[in-house]
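Reading the structure
One-letter residues, chain by chain:
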Amino acid sequence: EAIEEFKLAAADKTRTVECYSVISDCYRQKKKLKEALKWIENALEASPEGTHEFWALKFELASLNEGLKDKKKAFSTTV
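In what follows, the accompanying structure is described. The structure presented is a predicted model; accordingly, all values stated were derived computationally and were not measured.

**Considerations on the packing of aromatic side chains**
Scanning the entire structure with this criterion turns up two aromatic pairs. For the pair Phe-54 and Trp-55, a centre-to-centre distance of 5.2 Å together with 85 degrees between the ring planes defines the contact as edge-to-face. Judged by relative accessible area, which is 9%, Phe-54 ranks as buried. Taking relative accessible area as the criterion, Trp-55 reaches 45% and is therefore assigned partly exposed.

What follows is the structure, given as structure tokens:
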């Protein structure tokens with residue numbers, strides 16, 4: 001239910017990145033890492049490059065790739 005509510009809330013452009021990030025976290029907690037990865041990628045696309053928020057999302061992206069056993073992508077994400 002929370003995921004669906006955050007999807008609706010994401011329509012507010014001032015909250016899109018935050019909502020996508022929370023949706024990703026929900027999927028991560030459910031051990032659905034591929035779905036979590038998709039939502040972090042969506043959040044990154046909506047986040048201004050170079051901001052603190054952008055780099056925090058990049059870290060999450062690397063962490064998810066590591067969890068998916070894709071160490072090559074994990075290491076290349078932050079470079």
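Next comes the rest of the description.
**Some details on the side chain of Asn-65**
Positionally, Asn-65 belongs in helix 4 (residues 52-67). Overall, Asn-65 belongs to the buried group, its relative accessible area being 6%. Sequence-distant contacts of Asn-65, that is, excluding residues within four places in its chain, are made with Leu-37, Asp-70, Lys-73, Ala-74 and Thr-77.

**Details of the nonpolar core**
Most often, soluble globular proteins have nonpolar side chains that are buried together. Tyr-20, Ile-23, Tyr-27, Ile-40, Leu-44 and Leu-57 are the most contacted members of the largest nonpolar core, which totals 17 residues. Secondary structure elements with two or more residues in this core: helix 2 (16-29), helix 3 (33-46) and helix 4. Of the residues forming this core, the biggest block, six residues, is contributed by helix 3. Residues within four places of Tyr-20 in sequence aside, it is in contact with Ala-10, Trp-39, Asn-42 and Ala-43.

Conventions and cut-offs
- Residues numbered from 1 in each chain as written.
- Predicted model: local features only at pLDDT ≥ 70, side-chain atom pairs only at ≥ 80, totals over all residues.
- Heavy atoms only, no water.
- Phe/Tyr/Trp six-rings, centres within 6.5 Å; stacked < 30°, edge-to-face > 60°.
- Buried < 20%, exposed > 50% of the residue type's maximum accessible area, 1.4 Å probe, protein only.
- Helix = DSSP H or I, 4+ residues; strand = E, 2+ residues; numbered from the N terminus.
- Contact = heavy atoms within 4.5 Å.
- Core = buried A, V, L, I, M, F, W, Y, C linked by side-chain atoms within 4.5 Å.

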